[in-house]
Amino acid sequence: MSVICEKYINGLDGVDYDGLSYRYSIQGPGKLSAKVINYGARIQELNIPDPVTGEVADVMHGFDELIGYIYDCGNHGAIVGRCANRISGAKFTIDGTEYNVVANDGPNNLHTGDPAIQNLFWKSEVMSKAECDKFIKDSGIVGLCDSEEKLSFDDGVLFTILSPDGECGFPGNLTTSVLYSWLNDGTFIMVYKGVSDKATIFAPTNHAYFNIGGEGSGSIRNEILTVKSDEVLHKDQYNCPDGDVIKVEGTDFDFRTGAKLEQAIISDDPQIKNCLGLDSNYNLKNEGRYECIALLEDDRTNRKMETWTDLPGIQFYTANHMHGDFYKNGHTYHPYDAVCCEAGMYPNAVNLPQFDSPVIKAGEVKYHACGYKFV
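Residues numbered from 1 in each chain as written. Predicted model: local features only at pLDDT ≥ 70, side-chain atom pairs only at ≥ 80, totals over all residues. Heavy atoms only, no water.

> Hey, could you go over the environment of Gly324 for me, with residue numbers and the actual values?
Residue placement: Gly324 occurs in the loop between strand E25 (313–317) and strand E26 (339–344). C-alpha of Gly324 to C-alpha of Leu32: the two residues are 292 residues apart in sequence and 29 Å apart in space. Sequence-distant contacts of Gly324, that is, excluding residues within four places in its chain, are made with His331, Thr332 and Tyr333. (Helix = DSSP H or I, 4+ residues; strand = E, 2+ residues; numbered from the N terminus. Contact = heavy atoms within 4.5 Å.)

> Quick one: what's the story with unusual backbone geometry, residue by residue and with numbers?
For the bond from Gly81 to Arg82, the omega torsion is 15 degrees, close enough to zero to count as cis. Relative to the elements of secondary structure, Arg82 occurs in the loop between strand E6 (79–80) and strand E7 (86–87). The amide bond that connects Asp114 to the next residue, Pro115, takes the cis arrangement and shows omega of 5 degrees. One can find Pro115 in the loop between strand E10 (109–110) and strand E11 (123–127). Unlike most non-glycine residues, Ala90 shows phi in positive territory, near 55 degrees. Note that Ala90 resides in the loop between E7 and strand E8 (91–94). Non-glycine residue Phe326 carries a positive phi angle of around 70 degrees.

> I'd like a description of the state of the cysteines, backed by residues and values.
The full count for this structure, using the stated rule, is 0 disulfides. Considering cysteine sulfurs only, Cys83 is the nearest to Cys168, which forms no disulfide, with 11 Å between them. Lacking any disulfide linkage, Cys370 is separated from the closest cysteine sulfur, that of Cys341, by 8.4 Å. (Disulfide = S-S within 2.5 Å.)

> Give me the lowdown on the sheet that holds strand E4 (residues 42–49), citing residues and values where you can.
Taken in spatial order, the 5 strands line up as E1-E2-E3-E4-E5 in an open sheet, and their pairing is antiparallel. The sheet is open, and its two edges are formed by strand E1 (3–7) and strand E5 (56–58), each paired on a single side. Pairs of neighbouring strands in the sheet enclose a mean axial angle of 15 degrees, with direction left out of account. Relative to strand E2 (residues 22–27), E1 runs antiparallel, the two sharing 5 bridges. Paired with Glu6 across the bridge in E2 is Arg23. (Pairing = 2+ DSSP bridges. Axes fitted to C-alpha atoms, helices over the stretch in contact; angles between N-to-C directions.)

> Which residues make up the pattern of salt bridges, and what are the values?
Under the counting rule described, the total for this entry stands at 19 salt bridges. Lys134 serves as the salt-bridge partner of Asp138, at 2.7 Å between the closest nitrogen and oxygen. You can see Asp138 and its partner Lys134 sitting in helix H2 (residues 129–139), 4 residues apart, about one turn around the helix. Relative accessible area serves as the criterion here: at 39%, Asp138 is assigned to the partly exposed category. Salt-bridge contacts for Glu223 lead to Arg300; the nearest nitrogen and oxygen are separated by 3.0 Å. Of the two residues, Glu223 sits in the loop between strand E17 (209–210) and strand E18 (224–227) while Arg300 sits in the loop between strand E23 (291–297) and strand E24 (304–309), which places them 77 residues apart along the sequence. For Glu223, a relative accessible area of 0% translates into the label buried. (Salt bridge = Lys/Arg side-chain N within 4 Å of Asp/Glu carboxyl O. Buried < 20%, exposed > 50% of the residue type's maximum accessible area, 1.4 Å probe, protein only.)

> Outline the sheet that holds E18, listing residues and values.
Spatially, E11-E12-E13-E14-E28-E24-E23-E18-E21 is the arrangement adopted by the 9 strands of the open sheet, whose pairing is antiparallel. With one partner strand each, in any of the chains shown, E11 and strand E21 (259–260) form the two edges of the open sheet. As judged from the 7 bridges shared by strand E12 (residues 156–163) and strand E13 (residues 174–182), these two strands associate in the antiparallel manner. Paired with Val157 across the two strands is Tyr180, which belongs to E13. Helix-sheet contacts for H2 involve E11, E12, E13, strand E14 (187–196) and strand E28 (366–374), and the interaxial angle to E13 is about 120 degrees.

> So, the pairing of E25: which residues are in play, and what are the values?
Residues in a regular strand project their side chains so that they alternate between the two faces of the sheet. Counting buried positions over the 5 residues of E25 gives 5, a clear majority of the element. Burial of E25 is two-sided: the residues Gly313, Gln315 and Tyr317 facing one way and the residues Ile314 and Phe316 facing the other way are all buried. Across 5 bridges, the pairing between strand E22 (residues 279–283) and E25 is antiparallel. Following the sheet pairing, Ser280 is matched in E25 by Phe316. Sheet topology note: the E25/E26 ladder contains 5 bridges and is antiparallel. Bridged to Ile314 within E26 is Ala343.

> Residues and numbers for the side chain of His76, please.
Relative to the helices and strands, His76 resides in the loop between helix H1 (66–70) and E6. If we skip the residues at most four places from it in the chain, His76 touches Arg42, His61, Gly62, Phe63, Tyr69, His207, Tyr209, Met322, Tyr327 and Tyr333.

> Let's hear about the pairing of E18: which residues, and what values?
Strand direction decides the pairing type here: E18 and E21, joined by 2 bridges, are antiparallel. Note that in E21 the partner of Leu225 across the bridge is Ala259. The pairing of E18 with E23 spans 4 bridges and is classified as antiparallel. Following the sheet pairing, Val227 is matched in E23 by Ala294.

What follows is the structure, given as structure tokens:
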């Protein structure tokens, strides 16, 4: 069996999480393996071999103990939603009804609020390979479910959570599921499924912090990023997309042919400098097809990671504000020690009709996928 389940328990202020918290180890092809936990449906570890030396390293930043994730403000490894990223003015309109949600990032709503699905315990179950393959095929996502190499290597884990009508101000009883599984081609896949009894926003992402040189190995400034995109979304003074786009050619946002992440970290471009580094959303133009849209290459090892998705955008964030002690293995994290590759719907798209809508209708079953492939 390629999935091992264990209780993942530690007390918090005398609270016993026995019966609520679980951790799953998922074995992939060769030396690939992962650990996921049901608090926030988070990825805790991704253990990846160097393709030349065979040396295995965990490439995910995070915590050893559950208490770290419960107090975490950075959403390490979490499935974020029901609406990831920003909503301008913390309000939006669906079918003529205006909804006001919490303003927790200046005037904007960021990552839905609290409690949201990233800081709650999800229901969890082990899925057989056959069940994983059916879930993937049921998604109907073009480019994902039409080849054997993109079916499951073995068993996986399904996390499910209900966000009740009105939670954080959002409409509808929204059930979100996410399947974690290794694919035959070495991809660690997340397949999202959402269904609601009322029209609502369904726009999840995964907020993993990657350092493919190895967790705790220092700065990612010299890691090389390639992005298949010629446009990045323009942001207002509050770091929220306003509907305009920027052509990347001739700017520090241009990673089309590969460039060191430092290019953006040290940039004087106001859209970057105001955020102290890269924190922007790229327009992928993949038209809903599951494709490879980015490549991250480590400068210290031979590891490379492709990001695949059918989602229309991806937010790259160079951990500009990450800091603190008590992370994995006693490490201290600093700004620019990791990078997030957050495939998702466009930020603030609910208020910008020129972008793909994040709204699903009542009863509509919606699927999306994001995969991290190690090559």
